[in-house]
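Residue-level listing of the chains:
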Amino acid sequence: MGGNAVPDSLDRNQPALALSGGGFRATLYHCGALKRLNELRVLPRIARFSSVSGGSIAAGMLACAWPRLTLADGRFVNLDQEVIAPLRDFCRRDIDERAVLWGSVHPGKTIGDVVADFYDDMFQGRRLGDLPDTPQFVFNATNLQTGRLVRIAKVGIREWTIGEIAAPDLRIAVAVAASSAFPPVLSPVTIDLDPAGWKPFQGAIHAGDPAYSAQLSLTDGGAYDNLGLETVDDFNPVIVSDAGAPFGTEESATGFWPKQAMRVLDIATDQARALRKRLLFKDCGKDRLPIYAGIDGSVDQLSAKRTLTASAAVTHELARLRTRLNPFTDKEQGQLINWGWLAMDLAVRSFMLPGEPAPTTWPEPKHPL
């Protein structure tokens with residue numbers, strides 16, 4: 001891997017979009033968010049897409065389709081055909097169980113390799129170098145060795161304790177597989193690299209150490225930042241589509257240590273997500289605009305006028321759907337798309353485009369909320 005670095009000269013005064021993790025549930029919720037952002041003429045203006053896990057599946061398809069998207073009157077007229085329909089087809093497949101099965105018995109392939117091959121059914125072998133320079137797509141993964149974020153993009157693979165590999169020759173499917181390598185079943189995804197190809201950052205404590213630079217062992221980006229915010233924290237506005245799992249309370253605690261350990265992990269994960277959300281709103285303040293559309297959020301306090309309503313009971317259940325990479329029914333798909341679409345609509349019209357009229361029909365009319 002290697003090549004000449006692509007300068008990162010994106011305009012930070014253009015919108016950036018963060019797509020959270022959450023398995024196929026997140027992928028479908030983000031489909032709705034992308035549809036509404038497109039209808040509001042915001043999607044073609046996004047300067048950087050930052051994605052994690054299930055969000056990276058959606059971002060990967062959008063990235064591959066970007067050169068084929070046709071812009072008219074500020075909207076992509078073929079977004080459904082080129083992006084949404086392939087993603088919906090993919091979310092009807094059983095990926096995680098099949099990957100475990102084939103990765104366990106296939107000689108020379110890991111489970112992560114098999115997942116990447118499944119993704120290539122959508123991405124058709126395209127590589128990071130095939131992506132546009134702008135907008136920039138960043139797929140986030142977590143380095144199991146250092147515990148740090150790994151940013152994978154056309155411009156380079158960046159890990160702040162090691163350095164940067166400029167313009168990596170890597171399949172998009174591998175980048176997405178690393179970002180969505182849910183532990184411990186689907187991870188690690190390993191990427192072999194030339195230790196001499198790294199350009200170290202100042203203060204990179206593992207720079208030049210082949211133990212860290214010859215191979216990256218990666219797991220789900222959500223282990224470090226499930227919202228994908230760290231790579232968009234200097235853009236204005238910052239738009240967030242969050243389909244992450246809501247935290248649930250329990251009336252009684254367990255003394256069974258494996259379940260207790262999982263509960264403590266859930267608490268730590270929820271706290272990390274909460275801190276990132278607080279920083280999002282604190283850092284944006286007067287000078288930067290945060291737009292947040294959460295799958296488990298309440299839209300009742302948003303100021304945008306509405307003609308469509310969503311049942312709290314329905315959206316509560318949607319937020320708690322499985323985070324698996326296994327088949328989602330047409331009803332589950334339709335409702336998740338409608339919810340992501342409505343949540344993003346209300347967030348954008350409340351804070352960014354207050355003059356836009358309220359929509360009157362669902363994108364998936366067979367599955368209203």
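Data block above holds the structure.
Please read all numbers here as calculations on a predicted model, not as lab measurements.

Engineer: Describe in detail helix 1 (residues 23–39), supporting the description with residues and values.
Structural biologist: With 17 residues, helix 1 extends 25 Å between its outermost C-alpha atoms, agreeing within 8% with the 24 Å of an ideal straight helix rising 1.5 Å per residue. Positive backbone phi, approximately 65 degrees, marks Arg41, located one or two places after helix 1.

Engineer: Give me the lowdown on the pattern of salt bridges, citing residues and values where you can.
Structural biologist: Taken as a whole and judged by the stated rule, the model has 19 salt bridges. Here Asp169 makes a salt bridge to Arg127, at a shortest N to O gap of 2.6 Å. Of the two residues, Asp169 is situated in the loop between strand 8 (163–166) and helix 6 (172–179) and Arg127 in the loop between helix 5 (111–123) and strand 5 (136–143); the sequence distance between them amounts to 42 residues. Two residues, Arg349 and Asp345, come together in a salt bridge whose shortest N-O distance is 2.9 Å. With Arg349 and Asp345 both in helix 11 (residues 330–351) and four residues apart, this pair spans about one turn of that helix.

Engineer: Would you mind going over the environment of Gln14 in detail, with residue names and values included?
Structural biologist: Counting through the fold element by element, Gln14 comes out in the segment before strand 1 (16–19). Relative accessible area serves as the criterion here: at 28%, Gln14 is assigned to the partly exposed category. With 221 residues separating them along the chain, Gln14 and Phe235 place their C-alpha atoms 6.6 Å apart. In this structure Gln14 touches Arg45, Ala47, Phe235, Asn236 and Pro237, once residues within four positions along its chain are discounted.

Engineer: Summarise the packing of aromatic side chains; cite the residues concerned and give the values.
Structural biologist: Per the stated rule, a full pass over the model turns up 10 aromatic pairs. With centroids separated by 6.2 Å and ring planes inclined at 40 degrees, the aromatic side chains of Tyr119 and Phe123 adopt a geometry described as tilted. Remark: Phe123 and Tyr119 occur in helix 5; sequence separation between them is four residues, near one turn of the helix. For the pair formed by Tyr119 and Phe123, the shared burial category is buried. Here Trp160 and Phe201 contribute two aromatic rings whose centre-to-centre distance is 4.2 Å and whose plane-to-plane angle is 40 degrees, an arrangement assigned as tilted. Pair noted here: Trp160 is in the loop between strand 7 (156–159) and strand 8 and Phe201 is in the loop between strand 9 (189–192) and helix 7 (210–213), with a separation of 41 residues, a long-range link.

Engineer: Describe the nonpolar core, and please don't skip the residues or the numbers.
Structural biologist: Judged by nonpolar contacts, the single largest core of 94 residues is most densely connected at Leu62, Tyr119, Phe139 and Ile152. For this core, the element with the most residues is helix 11, which contributes 10 residues. Formed by 10 residues, the second largest nonpolar core is a distinct cluster that contains Leu227, Leu229, Val232 and Phe235.

Engineer: Outline the packing of helix 1 against helix 3 (residues 79–90), listing residues and values.
Structural biologist: As a packed pair, helix 1 and helix 3 sit with axes 10 Å apart at the nearest point and diverge in direction by 165 degrees. Considering their axes alone, helix 1 and helix 3 lie roughly antiparallel with respect to each other. With respect to the hand of their crossing, helix 1 and helix 3 are arranged in left-handed fashion. On the side of helix 1, the interface is formed by Phe24, Thr27, Leu28, Cys31, Leu34, Lys35 and Asn38, while helix 3 contributes Leu79, Asp80, Ile84, Leu87, Arg88 and Phe90. Split into classes, the residues belonging to the contact of helix 1 with helix 3 amount to eight nonpolar, two polar and three charged.

Engineer: Before we move on, can you summarise empty space enclosed by the protein with the specific residues and values?
Structural biologist: Scanning all chains against the criterion turns up one cavity of 30 Å³ or more. Quantified by volume, the largest cavity comes out at close to 60 Å³. Lining the largest cavity are 10 residues, with Gln136, Val138, Arg151, Val155 and Arg158 sitting closest to its centre. If you list the elements that add at least two residues to the lining of the largest cavity, you get strand 5 and strand 7. For the lining of the largest cavity, the class distribution of residues is three nonpolar, three polar and four charged.

What counts and what doesn't
- Residues numbered from 1 in each chain as written.
- Predicted model: local features only at pLDDT ≥ 70, side-chain atom pairs only at ≥ 80, totals over all residues.
- Heavy atoms only, no water.
- Helix = DSSP H or I, 4+ residues; strand = E, 2+ residues; numbered from the N terminus.
- Expected span 1.5 Å × (residues − 1).
- Salt bridge = Lys/Arg side-chain N within 4 Å of Asp/Glu carboxyl O.
- Buried < 20%, exposed > 50% of the residue type's maximum accessible area, 1.4 Å probe, protein only.
- Contact = heavy atoms within 4.5 Å.
- Phe/Tyr/Trp six-rings, centres within 6.5 Å; stacked < 30°, edge-to-face > 60°.
- Core = buried A, V, L, I, M, F, W, Y, C linked by side-chain atoms within 4.5 Å.
- Axes fitted to C-alpha atoms, helices over the stretch in contact; angles between N-to-C directions.
- Parallel < 35°, antiparallel > 145°, perpendicular 65-115°, else oblique.
- Left-handed = near helix turned anticlockwise from the far one by under 90°.
- Nonpolar A, V, L, I, M, F, W, Y, C, P; charged D, E, K, R; others polar.
- 1 Å grid on protein atoms, 1.4 Å probe; cavity = no way out; pocket = protein on both sides within 12 Å on 5 of 7 lines; lining within 4 Å.
- Points joined across faces, edges and corners; volume = space filled by probe spheres on them.

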